[in-house]
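# A closer look at the structure
Below are the chains, spelled out letter by letter.
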Amino acid sequence: MPNELASRLEPLVAEAVGAAGFDLDALDVQQAGRRKLVKVVVDGDDGVELDEVAEISRAVSAVLDQHDHLIAGAYTLEVTSPGLDRPLTKPRHWRRSRNRLVRVTPHEGAAYVGRVGAAGEDSVRILVDGEVRDLRYADVRKAVVEVEFKQPPAEELKLLETDAYGKIGEGTGTREESR
């Protein structure tokens, strides 16, 4: 029942989160004793500040109260932002991770660490061992951000910015040759 409830609530919650200028990253509804726990994970291009989480929480709460017949009982609302351990599964996750180190586990071959460059709809540019290459999302089994405690090396950022191999074409996810 909670999964069915989450799928019925998702468009309502997504609209409230979107109206606040953020993306609904995940929605989960679980039974917690006599109450339901509605967990809403939100994200934005510049992350999510604590004041913004409070604003989103009020907006989502208002929407849930307007549709309390769907929940049919008491609930606890938890609004949060994704943690660093969230897998990069959507193009927007990759865009928001630009210039960060990620550990990529491909469907074939060994895992590796690279720095994220420009992200398109189907692939991302990634710097691995000093070489910029295209990585198709379809080739990724799992990718997560690696924690760094210092600024990225300027030379790596420069390689990603001046990328001599080309750039991700807007909306296509394909490489465009520079001339």
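Residues numbered from 1 in each chain as written. Predicted model: local features only at pLDDT ≥ 70, side-chain atom pairs only at ≥ 80, totals over all residues. Heavy atoms only, no water.

Empty pockets left among the atoms are what a rolling probe the size of a water molecule brings to light. The volume enclosed by the largest pocket comes to roughly 240 Å³. Lining the largest pocket are 16 residues; nearest its centre among them are D43, P82, L84, R86 and R100. Looking at the lining of the largest pocket residue by residue, the classes come out as 4 nonpolar, 6 polar and 6 charged. (1 Å grid on protein atoms, 1.4 Å probe; cavity = no way out; pocket = protein on both sides within 12 Å on 5 of 7 lines; lining within 4 Å. Points joined across faces, edges and corners; volume = space filled by probe spheres on them. Nonpolar A, V, L, I, M, F, W, Y, C, P; charged D, E, K, R; others polar.)

A complete count under the given rule lists 14 salt bridges for this structure. For the salt bridge of D25 with R92, the shortest nitrogen-to-oxygen distance reads 3.1 Å. Pair noted here: D25 is in strand 1 (residues 23-32) and R92 is in helix 4 (residues 91-96), with a separation of 67 residues, a long-range link. Here R92 falls in the buried class, since its relative accessible area comes to 18%. E121 serves as the salt-bridge partner of R95, at 3.5 Å between the closest nitrogen and oxygen. One end of the pair, R95, is in helix 4; the other, E121, is in the loop between strand 5 (112-119) and strand 6 (123-128), and 26 residues separate them in sequence. Through salt bridges with shared partners, a single network forms among D23, D25, D43, R86, R92 and R96. (Salt bridge = Lys/Arg side-chain N within 4 Å of Asp/Glu carboxyl O. Helix = DSSP H or I, 4+ residues; strand = E, 2+ residues; numbered from the N terminus. Buried < 20%, exposed > 50% of the residue type's maximum accessible area, 1.4 Å probe, protein only.)

Further remarks concern unusual backbone geometry. Its identity as a non-glycine residue notwithstanding, A72 has a phi of 55 degrees, on the positive side. As for its position among the elements, A72 is in the loop between helix 3 (68-71) and strand 3 (75-80). Phi at N99 is positive, roughly 75 degrees, even though this residue is not glycine.

A sheet is described by the order of its strands in space; here 3 strands give the open sequence 1-2-3, paired in mixed fashion. The two strands at the open ends of the sheet, each matched to only one other strand, are strand 1 and strand 3. Sheet twist, expressed as the mean angle between neighbouring strand axes with direction ignored, is 15 degrees. For strand 1 and strand 2 (residues 35-43), the ladder comprises 9 bridges, and the chain directions are antiparallel. (Pairing = 2+ DSSP bridges. Axes fitted to C-alpha atoms, helices over the stretch in contact; angles between N-to-C directions.)

On to helix 2 (residues 50-66). Its 17 residues place the ends of helix 2 25 Å apart at the C-alpha level, agreeing with the 24 Å of an ideal helix rising 1.5 Å per residue. Those residues of helix 2 that sit buried are V53, I56, V60, V63 and L64. Seen end-on, helix 2 carries its buried residues on one side only, within an arc spanning 95 degrees. Pointing more than 90 degrees away from the buried face of helix 2 are the exposed residues D51, R58 and Q66. (Expected span 1.5 Å × (residues − 1). Arc of directions from axis to C-beta.)

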